[in-house]
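Below are the chains, spelled out letter by letter.
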Amino acid sequence: WISGFADVSRREMLGYVLTLAPGGILSWFLYLLRYERRAAAFAGVSLLGRVIGAIILIPIMLVTAQADRLWLGFLISALVSLLAAGLGWKALQRAGLNPLVASEFRAGDASAMLRFGLVLVPGCAIYAASTVLDRLLVTWFSGPAETAVLALALRLGALATMLRTWFALVWDPQLIE
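The present account deals with the structure reproduced in this document. All values reported here derive from a predicted model rather than from experimental measurement.

### Examining the overall build of the protein chain
When you go through the protein chain residue by residue, the secondary structure sums to 6 helices and 0 strands. Dimensions of the protein chain, computed from the C-alpha atoms along their principal axes, are close to 50 × 35 × 30 Å. Looking at the 177 residues of the protein chain, the share that counts as buried comes to 23%. Once local pairs closer than 6 in sequence are excluded, the contacts in the protein chain between residues at least 24 apart make up 67%. Of the roughly 12,100 Å² that the protein chain leaves accessible, carbon and sulfur atoms contribute 71%. The positive charge centre, built from 14 side chains, and the negative charge centre, built from 10, are 4 Å apart in the protein chain.

Here it is in structure tokens:
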């Protein structure tokens, strides 16, 4: 029913689903790099994962048939996120961090994190809805072509936010100390 509601093909829905795991893993690794104060690794991984994908997509979309653009966009986004997650994994290993060690798991910590995280779910759901609401409204009133342009512009515009985050990542600990 989701394919029908979104008015996309099964192939396009599969492409979207393919982006979820690499994107989630990439976001997790970025959080780890940020909070471990690995500024250079954070900058490199986030640049590859968040900006390079959009830059790669622009010329490809120009030469791709309209019917294949959404599927191809999802596929390229998934591949770039996967590459960036691999780079993030290598950066974590170089820093001596391994987030997937089973012997480090503690049920008490997991329970505390679950209690803390469940409280955040409603707010996160509202935030997630608000981040895509603009695209839904543009699609409703203008169409998918204008929505694609908006999505690419927002991704490229995220570069300024990332530069601010990189600066804060390096500078904020200096202010505290």
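Okay, back to it.
### Quick word on a nonpolar patch on the surface
Side chains of Val132, Leu133, Leu136, Leu137, Trp140 and Phe141 sit close together on the surface and give an oily, nonpolar patch of about 710 Å² of accessible area. Along the polypeptide, leucine 133 turns up in helix H5 (residues 107-141). Note on leucine 133: relative accessible area 46%, which makes it partly exposed.

Cut-offs and rules
- Here, residues in each chain are numbered from 1, in the same order as that chain's written sequence.
- In keeping with the predicted nature of the model, local features appear solely for residues at pLDDT of at least 70, side-chain atom pairs appear and are counted solely at 80 or more, and the whole-chain, interface and lining totals rest on all residues.
- Hydrogens and water are ignored here; the side-chain numbers use all heavy atoms of the structure.
- Helix and strand assignments follow DSSP, with helices taken as H or I runs no shorter than four residues and strands as E runs no shorter than two, numbered in order from the N terminus.
- For each residue, the accessible area found with a 1.4 Å probe, counting protein chains only, is set against the maximum for its type, and the residue is called buried under 20%, exposed over 50%, and partly exposed in between.
- Residue contacts are counted whenever heavy atoms from the two residues lie within 4.5 Å of one another.
- Using a 1.4 Å probe, accessible areas were evaluated by the Shrake-Rupley method; residue-level cover was limited to the displayed protein chains.
- When charges are counted, neither His nor the chain ends are considered; positive counts come from Lys and Arg and negative counts from Asp and Glu.
- Taken as the charge centre is NZ of Lys, CZ of Arg, CG of Asp or CD of Glu, depending on the residue.
- Residues qualify for a patch when their relative accessible area is over 30% and they have no salt bridge, like charges being joined within 9 Å and the nonpolar side chains of Val, Leu, Ile, Met, Phe, Trp and Tyr within 5 Å.
- Within this document, salt bridges are pairs made up of a side-chain nitrogen of Lys or Arg and a carboxyl oxygen of Asp or Glu, the two lying within 4 Å of each other.

Everything listed is a geometric property; what it means functionally is a separate question.
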